[in-house]
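# Summary of the model geometry
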Amino acid sequence: MSDVVAALRTPRGIVTLLLLVLLAVLPLLTQAFDQRYLLSVGTRVLIWAIAAVSLNLILGYGGMVSFGHAVFFGTGGYAIGILAHHGIASGWIQWPVAIAASALWALLIGALSLRTRGLYFIMITLAFAQLVYYVGVGLEAYGADDGLNISRSRFTGLIDLRDKAAFYWLCFALLCAALWFCSRFANSRFGLVIRGAKSNELRMAALGFPVFRYRLAAFTLSGAFGGLSGILMANDGAYISPAMMSWVKSGDLIVIVVLGGMGTLFGPLYGTIAFFVLEESLKPVLDLAHKGWGEYWQIVFGPMLVLIALYARGGIDSLMGRSRG
């Protein structure tokens, strides 16, 4: 906890703290100004930020470029949906099963893919993700490509996930918990081994650290957090579909982490907010220029991302640090 507090004491941290406070009171602001749509967008931001934090654990700190991370997103969502479809609505059962399923799948994928490096690692994670994606497409009993409407998880007597504001605050609390865990992870001995292996794997192995086992554990943890974000997404829309784990979603997550700043504590949050703000602002602007152009907002977003990659190697987090300087 002290690591997070120390990070928030800097000028950049003050801006981050104000951002977190704004996110915390967003349901009150949307109710006061009658802008319920912004609450829906804010909920998506929080869910995707948790997914980005999970990817940052292996991509930012470990240098493991997983191009199939959305598979854990989809595994968590489908575990919830399948249990709900068969009449198991209790969140006390659904959530642990979904997180365990995502962690187990991450363990299996990691055990095979972490034996490769570079482009081969990227391609094998993509291959596993597409394998699960097409399995989802073929599940006729659960809607196949059309997806499946589900009931939200029930935590009787604790929280009603049908309440949009209550669900938002639950997502916000889980994001704060994920950020706290990430700070502890990055500065623990376990995290230092992962970061050291990113810089020089051979040296870490020569020092006696079983690098493969450390990376596999980190990959499994990342999959579990990805499954948590999938659980939240399934409950947010009361809907699951194979699109949750397509390679496009995995690409979006990588873009978010790179945009915010890889290997930084609040980079995933910055990147998620920037991604959704640009999406929600570019669409209407392009539609004003010509009706129907809004769906091609990525054409404008792409060059902006290239410029950030060229002139801000550390993403938005780096830009904020330069502004402070």
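Structure: see above.
Below or above, wherever it landed, is the structure these notes cover. Along each chain, numbering runs from 1 in the same order as the chain's sequence is written. Local features in this predicted model are restricted to residues of pLDDT 70 or higher, and side-chain atom pairs are both shown and tallied only at a pLDDT of 80 or more, whereas totals for entire chains, interfaces and linings draw on every residue. To obtain the side-chain values, all non-hydrogen atoms of the structure were included, while hydrogens and water were left out.

## Some thoughts on unusual backbone geometry
- In this structure, Asp34 is a non-glycine residue whose phi angle is positive, near 55°.
- Strands here are runs of E lasting at least two residues and helices are runs of H or I lasting at least four, both read from the DSSP assignment and numbered beginning at the N terminus. Its place among the elements puts Asp34 in the loop between α3 (26–32) and α4 (36–59).
- The phi torsion at Ala144 lies on the positive side, around 50°, for a residue other than glycine.
- With respect to the helices, strands and loops of the structure, Ala144 is situated in the loop between α7 (118–137) and β1 (148–149).
- For every residue, the accessible area (1.4 Å probe, protein chains only) is compared with the maximum for its type, and the residue is labelled buried under 20%, exposed over 50%, or partly exposed between those bounds. The exposure class of Ala144 is buried, given its relative accessible area of 7%.

## Things to note about the nonpolar core
- Core analysis: the largest hydrophobic core is formed by 91 residues, its most contacted members being Phe73, Trp95, Leu175, Phe219, Leu269 and Phe301.
- Top contributing element to this core by residue count: α4, with 15 residues.
- Here, two residues are considered to be in contact whenever any of their heavy atoms come within 4.5 Å of each other. Residues within four places of Trp95 in sequence aside, it is in contact with Ile80, Ser153, Phe155, Leu161, Leu170, Leu174, Leu228, Ile231, Leu232 and Asn235. The criterion is simple. A nonpolar core is a set of buried Ala, Val, Leu, Ile, Met, Phe, Trp, Tyr and Cys residues joined through side-chain atoms within 4.5 Å.

## What to know about helix α11 (residues 211–237)
- Between the first and last residue of a helix there are one fewer steps than residues, each counted as 1.5 Å, and that sum is the expected span. Its 27 residues place the ends of α11 39 Å apart at the C-alpha level, agreeing with the 39 Å of an ideal helix rising 1.5 Å per residue.
- Burial within α11 is extensive, with 22 of its 27 residues counted as buried.
- Ala238 sits one or two residues past α11 and shows a positive phi near 50°.

## Digging into helix α8 (residues 164–187)
- Along its 24 residues, α8 runs 35 Å from first to last C-alpha, staying within 8% of the 34 Å computed at 1.5 Å per residue.
- For α8, the full list of buried residues reads Phe167, Tyr168, Cys171, Phe172, Leu175, Ala178, Leu179, Cys182, Ser183, Phe185 and Ala186.

## Describing the pattern of salt bridges
- Here, a salt bridge means any side-chain nitrogen of Lys or Arg that lies within 4 Å of a carboxyl oxygen of Asp or Glu. If you walk through the whole model with that rule in mind, you get four salt bridges.
- Taking the shortest distance from any N to any O, the salt bridge between Glu280 and Arg44 comes out at 3.8 Å. Taken together, the residues Glu280 in helix α13 (residues 267–289) and Arg44 in helix α4 connect sequence positions 236 residues apart.
- Here Arg44 falls in the partly exposed class, since its relative accessible area comes to 25%.
- With a closest N to O distance of 3.1 Å, Asp160 and Arg162 form a salt bridge.
- Assessed through its relative accessible area of 37%, Asp160 is described here as partly exposed.
- Taking the relative accessible area as the measure of exposure, Arg162 reaches 64% and is therefore exposed.
- Among the charged side chains, a network of salt bridges with common partners joins Arg117, Glu201 and Arg215.

## Some details on the packing of aromatic side chains
- Ring pairs are drawn from Phe, Tyr and Trp, using the six-membered ring of Trp, whenever the two centres fall within 6.5 Å, and their geometry is named by plane angle: stacked under 30 degrees, edge-to-face over 60, tilted for the rest. Within this structure, the stated rule accounts for 16 aromatic pairs.
- Ring geometry for Phe72 and Phe219: centres 5.9 Å apart, planes at 85°, overall edge-to-face. Taken together, the residues Phe72 in helix α5 (residues 70–85) and Phe219 in helix α11 connect sequence positions 147 residues apart. When sorted by exposure, Phe72 lands in the same class as Phe219, which is buried.

## Some thoughts on the layout of surface pockets
- Looking at the largest pocket, its volume works out to about 450 Å³.
- Along the wall of the largest pocket there are 23 residues; nearest its centre are Arg44, Trp48, Lys249, Asp252 and Glu279.
- Among the secondary structure elements, those contributing two or more residues to the lining of the largest pocket are α4, α11, α12 (247–260), α13 and α14 (298–311).
- Three classes are used, and their members are as follows: Ala, Val, Leu, Ile, Met, Phe, Trp, Tyr, Cys and Pro are nonpolar, Asp, Glu, Lys and Arg are charged, and the others, Gly among them, are polar. Classifying every residue of the lining of the largest pocket by side-chain character gives 13 nonpolar, four polar and six charged. For each structure, a 1 Å grid was placed over the protein atoms alone; sets of points admitting a 1.4 Å probe that cannot get out are labelled cavities, open sets with protein on both sides within 12 Å along at least five of seven lines are labelled pockets, and lining residues have an atom within 4 Å of a point. Grid points are joined across faces, edges and corners, and a volume is the space filled by probe spheres set on the points.

## As for the packing of α5 against α11
- Orientation of α5 relative to α11, taken along the N-to-C sense of each, is 50°, at an axis distance of 6 Å. Between α5 and α11, the interaxial angle falls into the category oblique. α11 is crossed by α5, and the crossing has right-handed handedness. Contacts between α5 and α11 involve Phe72, Phe73, Gly76, Gly77 and Ile80 on the former and, on the latter, Phe219, Gly223, Gly226, Gly227, Ser229, Gly230, Ile231, Met233, Ala234 and Asn235.
- Per-class residue counts for the contact of α5 with α11 are seven nonpolar, eight polar and no charged. Working convention: axes come from line fits to C-alpha atoms, limited for helices to the stretch in contact. Angles between N-to-C directions cover 0 to 180 degrees. What sets the label is the angle itself: under 35 degrees gives roughly parallel, over 145 gives roughly antiparallel, 65 to 115 gives roughly perpendicular, and the rest give oblique. Handedness of a crossing follows from how the near helix is turned relative to the far one, being left-handed for an anticlockwise turn of less than a right angle and right-handed for a clockwise one.

## Re the environment of Asp252
- With respect to the helices and strands, Asp252 occurs in helix α12.
- C-alpha separation for the pair Asp252 and Phe67, spaced 185 residues apart in sequence, amounts to 9.8 Å.
- When sequence neighbours within four positions are dropped, the list of residues in contact with Asp252 reads Trp48 and Phe275.

## Description of the environment of Ile88
- Looking at the element boundaries, Ile88 is found in the loop between α5 and α6 (91–113).
- The exposure class of Ile88 is partly exposed, given its relative accessible area of 31%.
- Distance from Ile88 to Arg154, taken between C-alpha atoms, is 9.5 Å for residues 66 residues apart in sequence.
- Ignoring anything within four residues of it in the chain, the contact list for Ile88 reads Leu83, Ile93 and Gln94.

Limitation: the analysis is restricted to geometry and does not speak to function.
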